[in-house]
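Working through the structure, step by step
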Amino acid sequence: MSDVCIVGVGIHPFGRTDGMSGVEQGVFAVRQALGDAGIDWPQIQFAYGSSDAAGNPDTMVDRLGLTGVQFINVRNGCAAGGSALFSAQMAIKSGEFDIGLAVGFDKHPRGAFDAKPAEYNLPDWYGDAGYMVTTQFFAAKIMRYMSLFGISRETLGRVAEKAFRNGAKTPHAWRRQPVSIEEILEAPMISDPYSKYMFCSPGEGGVALILASEKKARELGKPLIRLKAATMRTRPPHSFEVFAPSIDVVEDDSGPRGTASQIASRDAFRLAGMEPGDIDVAQLQDTEAGAEIMHMAENGFCANGDQEQWLAEGRTEIGGALPVNTDGGCLACGEPIGASGLRQVYENVVQLRGDGGDRQVPGNPKTAYSHVYGAPGVSAVTILER
Amino acid sequence: MRAIADGLFTDETPPRLVGGCDRATGRVVFPCPDSSNYEAMPLSSDGVLWSYTVQRFRPKTPPYAGPEAFAPWIVAYVELPGQVIVEARLVDVAFEDVKIGMPLRFKPVPLDPDAPDSVLIPAYAPAGDAA
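As the structure is a computational prediction, the values presented were derived from the model and not from experiment.

When its secondary structure is counted, chain B shows 0 helices and 10 strands. For chain B, the succession of helices and strands along the chain, N to C, is β-β-β-β-β-β-β-β-β-β. For chain B, whose C-alpha radius of gyration is 15 Å, the value lies close to the compact-globule estimate of 14 Å for 131 residues. Referenced to the eigenvectors of the C-alpha coordinate spread, the extents of chain B come out at roughly 45 × 35 × 30 Å. In chain B, which comprises 131 residues, the proportion classed as buried is 51%.

Residue and element names in this part refer to chain B. The strand order across the open sheet formed by 3 strands is β2-β1-β3, and the pairing between neighbours is antiparallel. The open sheet has two edge strands with one neighbour each: β2 (28-29) and β3 (38-42). Relative to β2, strand β1 (residues 18-22) runs antiparallel, the two sharing 2 bridges. By the bridge assignment for β2, Cys21 is matched with Val28.

Moving on, we come to the UniProt feature "domain: ChsH2 C-terminal OB-fold" (unreviewed entry) in chain B. Listed under "domain: ChsH2 C-terminal OB-fold" (unreviewed entry) in the UniProt record, and renumbered for this structure, are residues 42-105 of chain B. Split by type, residues 42-105 of chain B is 0% helix and 45% strand. Its first and last C-alpha atoms lie 14 Å apart.

Another aspect to go through is the pairing of strand β10 (residues 123-126) of chain B. Residues and elements named next belong to chain B. Note that strand β6 (residues 84-90) and β10 share 2 bridges and pair parallel. Of the residues in β10, the one forming a bridge with Arg89 is Ala123. In the sheet, strand β7 (residues 103-106) pairs with β10 via 3 bridges, with the strands oriented antiparallel. Bridge pairing in β10 places Phe106 opposite Tyr124.

If you look at the biggest cluster of nonpolar residues, it comprises 102 residues, and the most contacted ones within it are Tyr194(A), Tyr369(A), Ile383(A), Ile4(B), Leu43(B), Val86(B) and Tyr124(B). Residue contributions to this core peak at 8 residues, all from helix α5 (residues 134-149) of chain A. Val86(B) has contacts with Pro245(A), Ser246(A), Leu17(B), Phe30(B), Leu43(B), Ala76(B), Tyr77(B), Val78(B), Leu80(B) and Tyr124(B), leaving out every residue within four places of it along the chain. Counting residues in each nonpolar core, the second largest holds 35 residues, with Phe46(A), Ile92(A), Leu352(A) and Ala368(A) among its members.

Residue and element names in this part refer to chain A. According to the domain assignment, chain A contains domain 1 (4-110 + 206-220) and domain 2 (119-200 + 229-385). Taken over C-alpha atoms, the centre of domain 1 sits 24 Å from the centre of domain 2. The interface of domain 1 with domain 2 comprises 33 residues on the first partner and 31 residues on the second. Taking both partners together, domain 1 and domain 2 bury about 2400 Å²; carbon and sulfur atoms supply 73% of that area.

Residue and element names in this part refer to chain A. Locating Val69 in the fold gives a position in the loop between α2 (61-64) and β3 (70-74). Between the C-alpha atoms of Val69 and Ile11, which are 58 residues apart in sequence, the distance is 21 Å. With sequence-adjacent residues up to four places away left out, Val69 is seen in contact with Trp41, Ile44, Gln45, Phe46 and Val61.

Now for the pattern of salt bridges. Residues and elements named next belong to chain A. Counted under the stated rule, the structure contains 32 salt bridges over all chains. Between Glu347 and Arg359 there is a salt bridge, and its shortest N-O distance comes to 2.7 Å. Taken together, the residues span a long stretch of sequence, with Glu347 in helix α13 (residues 337-353) and Arg359 in the loop between α13 and β11 (367-374) at a distance of 12 residues. The same class applies to Glu347 and to Arg359, which are both buried. The network of salt bridges with common partners includes Asp3, Glu214, Arg218, Arg226, Lys228 and Glu385.

To summarise the sheet geometry, strands pair through backbone hydrogen bonds and adopt either a parallel or an antiparallel arrangement. All names here are of chain A. Taken together, the 9 strands give an open sheet; going across it, the order is β3-β2-β4-β7-β1-β8-β12-β11-β10, and neighbouring strands pair in mixed fashion. Of all the strands in the sheet, the pair left with one neighbour each is β3 and β10 (281-284). Strand after strand, the sheet turns through a mean of 20° between neighbouring axes, direction not considered. In this sheet, strand β8 (residues 225-234) lies alongside strand β1 (residues 4-15) in antiparallel orientation, the contact comprising 3 bridges. Bridging from a neighbouring strand, Val4 pairs with Leu227 of β8. Across the sheet, helix α3 (residues 80-93) touches β1, β2 (46-50), β3, β4 (99-107), β7 (204-213), β8 and β12 (378-385), and the angle it forms with β2 is around 165°.

All names here are of chain A. At their nearest, the axes of helix α6 (residues 153-167) and helix α10 (residues 289-298) sit 8 Å apart, and the two run at 105° to each other. In terms of orientation, α6 and α10 fall into the roughly perpendicular class. Note on element contacts: α10 touches α6 through Ala289, Gly290, Glu292 and Ile293, opposite Thr155, Leu156, Val159, Ala160 and Lys162. Its residues assigned to classes, the contact of α6 with α10 comprises 5 nonpolar, 2 polar and 2 charged.

So, how was this worked out
- Residues numbered from 1 in each chain as written.
- Chains lettered and ligands numbered in written order.
- Predicted model: local features only at pLDDT ≥ 70, side-chain atom pairs only at ≥ 80, totals over all residues.
- Heavy atoms only, no water.
- Helix = DSSP H or I, 4+ residues; strand = E, 2+ residues; numbered from the N terminus.
- Rg over C-alpha atoms; globule rule 2.2 N^0.38 Å.
- Buried < 20%, exposed > 50% of the residue type's maximum accessible area, 1.4 Å probe, protein only.
- Pairing = 2+ DSSP bridges.
- UniProt positions renumbered as here; feature names shortened; annotations may be inferred.
- Core = buried A, V, L, I, M, F, W, Y, C linked by side-chain atoms within 4.5 Å.
- Contact = heavy atoms within 4.5 Å.
- Domains from an automatic or database assignment.
- Buried area = accessible area lost by both parts, 1.4 Å probe.
- Salt bridge = Lys/Arg side-chain N within 4 Å of Asp/Glu carboxyl O.
- Axes fitted to C-alpha atoms, helices over the stretch in contact; angles between N-to-C directions.
- Parallel < 35°, antiparallel > 145°, perpendicular 65-115°, else oblique.
- Nonpolar A, V, L, I, M, F, W, Y, C, P; charged D, E, K, R; others polar.

Below, the structure written as structure tokens:
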């Protein structure tokens, strides 16, 4: 079967944009992507849109044009963007459509995400006691991982330092000032072992990707960026997820628990006919510094515990063996939920086209990997090839 | 003093935590779901620390119902061998002395340590040699 290709990309810079709604940031990204693909809105045959907190994506037809286009809204936690992209890919693969849009945007209030126990099928006392705080889960997950595999807090610091260094080179990033590792390690703690620089913040932004059949992509005359795999998976038994008053005991607890990311990753590599060693650049969910560490292993790029050496040797730097989060990831870009997973794919397209400017991965990268993880145990992976 | 919710602790002295055993699979969860598929069961009072973090800022109210005055506390996951890993406070230990694997014993504490009539929440404290 021929591949689905990405023929246009657009982004509204991440961060805070007062006076501009989430939908408007999505529209901004769509217009940029249309321009990039060299097409007009009426040529778009279908759209999938993701937003968690900034309204229904389909309402953007008001601004883009009332062409009667099919427009489906997707909500899937932090994997919403990945789910929109997966759905768009399937619409083309089915043969029903030749060209369409995956768009994601969001605009969250300042501070941590608000969560109520009832929304997660939890009793009220759980919130009363102070456990409806997502940062607790992320911190407890890395704390056990560090204890099992000898990961130091300095390595967490190196991840954050790299994120801000890469963000400084990225026009669409929110945090664009490098921060020294000393400042990162000594900053006020949020949830041990994480200081305030080791968590990303909810933010704003919009991303649009235009997908086309290979035939249509050739007609448009764009360089072919092939979507070799797009997977979205849910969690296996015994996993450790956010807002868990209890976790299953298991017979052998000497390794990390299974995750949706492992499943999505394994299936993506199988679909693409590739192995982790074939990937030239990767964007891995880094809502906290330790997430990048654990996701390196969950996605098969290294063994558990090897991250300590990888980071010390700079192997995930832009010039390293496997550059990770070349635009600064969630740590530098913030996390507008609906847009975040699509930002990773946007960044990968930029890298594969060689348009990365100061943050361009050297050596003409040919393959690129993206991974998002969300509550309560959903994960989406894409593999692109030029 | 009473528990923060009905059915969390047994009525004995000292109390134990109450979990739920899935009648079909034998899987143990906490708290016991309000469902006929689960049978309430007292959980072991002894466990070991599986993981933890320190909550360094006051959680948002609502839903947090703790005192206005905030002092950081430890969120622990405590493995009750052969049963389940439960989330609870960890008390009576300095933050820097917490070690994954340390033996712990169930010791409910008031949600507001300064209020004599405060409700009790599940908590553990170091046991045995670590106490």
